[in-house]
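Below are the chains, spelled out letter by letter.
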Amino acid sequence: MATIGNSTNIFWHESPVGKAERQKLLNQQGCVVWITGLSGSGKSTLAYSLNRELHTRGKLSYVLDGDNLRHGLNKNLGFAAEDRTENIRRVGEVAKLFADAGLICIASLISPYGKDRDACRALMPDKSFIEVFMNMPLEICEGRDPKGLYKLARAGKIKGFTGIDDPYEPPLSCEIEIKQKDGICPTPPEMTTEVATYLEDSGFLQA
Ligand SMILES: Nc1ncnc2c1ncn2[C@@H]1O[C@H](COP(=O)(O)OP(=O)(O)OP(=O)(O)O)[C@@H](O)[C@H]1O
Ligand SMILES: [Mg+2]
């Protein structure tokens, strides 16, 4: 019997079907691919492109995208620091469940604070949290601005916008860094291949 947070008198009920059995069924290893970076850095682009690539290879993945989750699970959260932290905590817990289900869970969120990302990493077994840093300069992201949010932030119409008047803490160490080479940004297919190759080489695409 345990007390966890505000939950008292709770018991863990063990599943008779284990993670190893689920992974065998799917012929893959459950893991979390956590994509972090500024708005406009290409997180969703990479997430859904990787989702498609893995699907084509017969691997089951699912995308937890920041904006999409704010339509439901996280719709009661705003963008104050404590809400951003709770947003990431919830997604980290859901990602953990998806990985335990045997899926390759692709989480794409700005996730600006290092300690929040590290807390999600700490939920996962060793090596099964793959942090992908979209290391794109602010000028590039702002130049893309497909949602027009940077424009609104610069005009002071959005307060606390990451990269403008709210901090982004780059990962100190991450498994994959997507960045410009000789001033040229990798194309979406190139970014996708880089992550898919990492997953393959690390043994996640078989059980
Ligand atoms: N590798 C790339 N090369 C060129 N353009 C790209 C690349 N990746 C993404 N883009 C373009 O950049 C824009 C922003 O990409 P995307 O929506 O994936 O960013 P995001 O990081 O998910 O942003 P947000 O945090 O606001 O959701 C889109 O218009 C997309 O088509
Ligand atoms: Mg996005």
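Along each chain, numbering runs from 1 in the same order as the chain's sequence is written. By the order in which they are written, chains take letters starting at A while ligands take numbers starting at 1. The predicted origin of the model limits local features to residues at a pLDDT of at least 70 and limits the giving and counting of side-chain atom pairs to 80 or more, whereas totals for whole chains, interfaces and linings rest on all residues. Calculated side-chain values reflect all of the structure's heavy atoms, with hydrogen atoms and water omitted.

Going by what an unreviewed UniProt entry lists, the protein chain is known as Adenylyl-sulfate kinase and is assigned to Lithospermum erythrorhizon. Among the UniProt annotations of the protein chain, the heading Function (unreviewed entry) holds the following wording: "Catalyzes the synthesis of activated sulfate." UniProt positions are given in the numbering used here, feature names are shortened, and annotations may be inferred rather than shown by experiment.

> Sorry, what's going on with the pattern of salt bridges here?
In a structure, side chains of opposite charge can pair up when their charged atoms sit close to one another. Here, a salt bridge means any side-chain nitrogen of Lys or Arg that lies within 4 Å of a carboxyl oxygen of Asp or Glu. Enumeration over the complete set of coordinates arrives at 13 salt bridges. We note a salt bridge from E175 to R121, for which the minimum N-O separation is 2.9 Å. Of this pair, E175 sits in the loop between helix 7 (149-154) and strand 7 (176-179) while R121 sits in helix 5 (residues 114-123); the two residues are 54 residues apart in sequence, bridging distant segments of the chain. Residue R121 is classed as partly exposed on the basis of its relative accessible area of 24%. Residues joined by salt bridges that share partners form a network here, namely R117, R121, E131 and E175. Helical segments are the DSSP runs of H or I of at least four residues, strand segments are the runs of E of at least two, and each set is numbered from the N terminus. Burial here depends on accessible area, computed with a 1.4 Å probe over protein chains only, as a share of the maximum for the residue type. Under 20% is buried, over 50% is exposed, and the range in between is partly exposed.

> How should the packing of helix 2 (residues 43-56) against helix 8 (residues 188-201) be read in this particular structure?
Two numbers describe a pair of packed helices, the interaxial angle and the distance between the axes. Whenever a helix is involved, its axis is fitted only over the stretch in contact; in every case the axis is a line through C-alpha atoms, and angles between N-to-C directions fall within 0 to 180 degrees. For the pair helix 2 and helix 8, the least separation of the axes is 9 Å and the interaxial angle reads 60 degrees. Taken together, the axes of helix 2 and helix 8 lie oblique to each other. The interaxial crossing formed by helix 2 with helix 8 has right-handed handedness. Counted together, T45, L46, S49, L50, E53 and L54 of helix 2 and P188, M191, T192, V195, A196 and L199 of helix 8 form the full contact between these two elements. Think of it as three bins: nonpolar holds Ala, Val, Leu, Ile, Met, Phe, Trp, Tyr, Cys and Pro, charged holds Asp, Glu, Lys and Arg, and polar takes everything else, Gly as well. Its residues assigned to classes, the contact of helix 2 with helix 8 shows eight nonpolar, three polar and one charged. Oblique is the label for any angle not covered by the other classes, which are roughly parallel (under 35 degrees), roughly antiparallel (over 145) and roughly perpendicular (65 to 115). Helix crossings are classified by the rotation of the near helix relative to the far one: an anticlockwise turn of less than a right angle makes the crossing left-handed, while a clockwise turn makes it right-handed. Contact definition: two residues touch when any of their heavy atoms are within 4.5 Å.

> Explain the nonpolar core to me, please; I cannot follow it from the model alone.
Nonpolar side chains in soluble globular proteins tend to be buried together. Here, nonpolar core refers to any group of buried Ala, Val, Leu, Ile, Met, Phe, Trp, Tyr and Cys residues whose side-chain atoms link them within 4.5 Å. Counting residues in each nonpolar core, the largest one holds 29 residues, and the members touching the most others are V33, I35, I106, I130, V132 and L199. At the level of elements, strand 3 (31-37), helix 2, strand 5 (104-108), strand 6 (129-135), helix 7, strand 7 and helix 8 are the ones that each hand at least two residues to this core. Setting aside its immediate chain neighbours within four residues, V132 contacts V33, W34, I35, T36, L46, I176, I178 and V195. Within the second largest apolar cluster, 14 residues are counted, among which are L64, V91, A95 and C120.

> Please clarify how the site of ligand 1 should be interpreted in this entry.
Consider each residue's heavy atoms; a residue with any of them within 4 Å of a molecule or strand counts as near. The environment of ligand 1 is formed by 17 residues, the closest being S39, K43, T45, K147 and P186. Whenever two N or O atoms come within 3.5 Å, that pair is a polar contact, provided that in protein one can donate a hydrogen and the other can accept it, and provided that, for residues adjacent in sequence, both atoms are side-chain atoms. Within the backbone of G42, a nitrogen or oxygen atom sits 3.1 Å from an oxygen atom of ligand 1. With respect to ligand 1, the side chain of T45 contributes an N or O atom lying 2.5 Å from an oxygen atom. When ligand 1 is considered free in solution it has 640 Å² of accessible area, and contact with the protein chains removes 75% of it. Of all the secondary structure elements, the ones that give two or more residues to the shell around ligand 1 are helix 2 and helix 8. Tallied by class, the residues present in the shell around ligand 1 amount to seven nonpolar, seven polar and three charged. A 1.4 Å probe and the Shrake-Rupley method give the accessible areas. Residues count as covered only by the protein chains that appear here.

> Before we go on, may I ask you to explain the sheet that holds strand 6 in this structure?
To summarise the sheet geometry, strands pair through backbone hydrogen bonds and adopt either a parallel or an antiparallel arrangement. With respect to topology, five strands assemble into an open sheet ordered 4-5-3-6-7, the strand pairing being parallel. What marks the edges here is a single partner per strand, and that holds for strand 4 (61-65) and strand 7. Across the sheet, the mean angle separating the axes of adjacent strands is 20 degrees when strand polarity is ignored. Two strands are counted as paired when DSSP detects at least two bridges linking them. For strand 6 and strand 7, the ladder comprises four bridges, and the chain directions are parallel. For N135, the partnering residue across the bridge sits in strand 7 and is K179. Across the sheet, helix 5 is in contact with strand 3 and strand 6; its angle to strand 6 comes to roughly 155 degrees.

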